[in-house]
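Structural features, examined
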Amino acid sequence: MAPLPIKFTELLQLTQVGILPASIGFNSCTLESDHYICVRQTPEGSTSPNVIIVDLKNANNIIQRPIKADSAIMHWNKQIIALKAQQRTLQIFDLGQKAKLKSTTMNEDVVFWKWFSESSLGLVTDSSVYHWNIFDANQAAPVKMFDRNSNLTGCQIINYRVSRDEKWMVVVGISQQQGRVVGAMQLYSKDRSVSQAIEGHAAAFGTIRLEGAPAETKLFTFAVRTATGAKLHIVEIDHQDPNPSFPKKAVDVYFPSEATSDFPVAMQVSQKYSIIYLVTKYGFIHLYDLESGTCIFMNRISSETIFVTAPDQESSGIVGVNRKGQVLSVSVDESTVVPYLLQNPANAELAYKLASRAGLPGANHLYQQRFEGLLSSGQYAEAAKTAANSPEGFLRTEATIERLKAVAQQPGQLAPILQYFGMLLDKGKLNQFETMEL
């Protein structure tokens, strides 16, 4: 049996750095990125609350400030903190410069907020959703983006996501109904000023470059557990010609029999691998291929609820915090994921694509077979492309160059060897040997 396709690490135990167990939860412990954990707590025997910031990128260095707030969230990578008091008063501070950047008072309670980019906060109130660019001197107060949909009435808001181009947004809420937790989402298109009500528990945006496509395809993915089953959906948004259309995917999400009340709570998309990381309330993690929806791996990583997650930029994985105070990291194991997939012959094409996408080892024989097959069938352009894109460049050899040179040029087409070098030039991948050949 091949080794597992993931790396799983405990980065930190919060109780070992002075965080009280009672402070480790959704309302008092926030994780906006893989850089900072921010915890509000009142030390034992004290009446003065503190905000404790754990710098995960600086040997878990602790920053502690005597701050009274309803909510505190750290910027993705700067020592900038956003504070909310009395549910309506918002203040942004630069801790390094010891300066207030902005402040405002809302007309209604902010029930959920989140950094959705390096510059901006998303604010959800009972009636509306706002964006606030904290670096834009002309934006003194948050700007209303859209009204909340009626399907979110009575829901606890647990997430807010914005696409990279900021043209799509989704608010995620949950509520208790008939003995189960029901998920409700509002998907909003900025260009169309239209909302769609969707049943769902977790959602994310991502992009993928499809085979032969001139531009990236924008995708929206969400997971839901209904009374009758669970599905992961992957759909295209903002289709642009001449890109090929992306067929909708709806695949089953497996929940073991002992997890009858489990449901999805978080989702992150790795752009490097085009892999969806799905986390459930009971601590299971699922990895799915973004293009096909194929389930790559599923296992339990925590016996406690993982209540908050963020992308792990360094590993292109996911980092999360559970109720016990464990800070956990999960990522693809680049050395084992392709051999793991190849245990099942049905996953050969997925293994090939993943190896190509991220330059992963383990699929060399698949590339060799494909290269030979394309050459022998006269598909010289595809053969040149396969050689140029081979993982770790294992097909980019003098022998390959000689074989492509020997192929006669087809009428109206570039010679295969020129196509090969052209692809490498486009990708900036030419090495010294190939430059000499060129």
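Each remark here, short or long, concerns the structure printed above.
Below you will find a few notes about this structure. (Residues numbered from 1 in each chain as written. Predicted model: local features only at pLDDT ≥ 70, side-chain atom pairs only at ≥ 80, totals over all residues. Heavy atoms only, no water.)

1. Considerations on the pairing of strand β12 (residues 128-133)
Taken across its six residues, β12 has six buried, putting it largely inside the fold. Residues of β12 alternate between two faces, with S128, Y130 and W132 on one and V129, H131 and N133 on the opposite face, all of them buried. Relative to β12, strand β11 (residues 120-125) runs antiparallel, the two being bridged by five bridges. The residue bridging G122 from the neighbouring strand is H131, located in β12. Count of turn residues in the β11/β12 antiparallel hairpin: two residues. Pairing between β12 and strand β13 (residues 143-147): four bridges, direction antiparallel. Residue Y130 lies in a different strand from β13, and its bridge partner there is K144. (Buried < 20%, exposed > 50% of the residue type's maximum accessible area, 1.4 Å probe, protein only. Helix = DSSP H or I, 4+ residues; strand = E, 2+ residues; numbered from the N terminus. Pairing = 2+ DSSP bridges.)

2. Points about the sheet that holds strand β22 (residues 264-270)
Across the sheet, which stays open at both edges, the four strands sit in the order β22-β23-β24-β25 with antiparallel pairing between neighbours. At either end of the open sheet lies a strand with only one pairing partner, and these are β22 and β25 (295-300). In this sheet, neighbouring strand axes are inclined to one another by 15 degrees on average, regardless of whether the strands run parallel or antiparallel. One ladder, built from five bridges, connects strand β23 (residues 275-280) with strand β24 (residues 284-289); its direction is antiparallel. Residue pairing for β24: I275 is matched across the bridge by D289. (Axes fitted to C-alpha atoms, helices over the stretch in contact; angles between N-to-C directions.)

3. Section: the environment of P244
For P244, the position within the fold is in the loop between β20 (230-236) and β21 (249-252). Residue P244 is classed as partly exposed on the basis of its relative accessible area, which comes to 33%. The spacing of P244 and A213 is 31 residues in sequence and 6.6 Å in space, taken between C-alpha atoms.

4. Re the sheet that holds strand β3 (residues 36-41)
One open sheet holds the four strands; their spatial order is β2-β3-β4-β5, and the pairing between them is antiparallel. Looking along the sheet, the strands with just one partner apiece sit at the ends: β2 (29-31) and β5 (61-65). When the angles between neighbouring strand axes are averaged without regard to direction, this sheet yields 20 degrees. Direction of pairing for strand β4 (residues 50-55) relative to β5: antiparallel, over a ladder of five bridges. The partner of D55 across the bridge, within β5, is N61.

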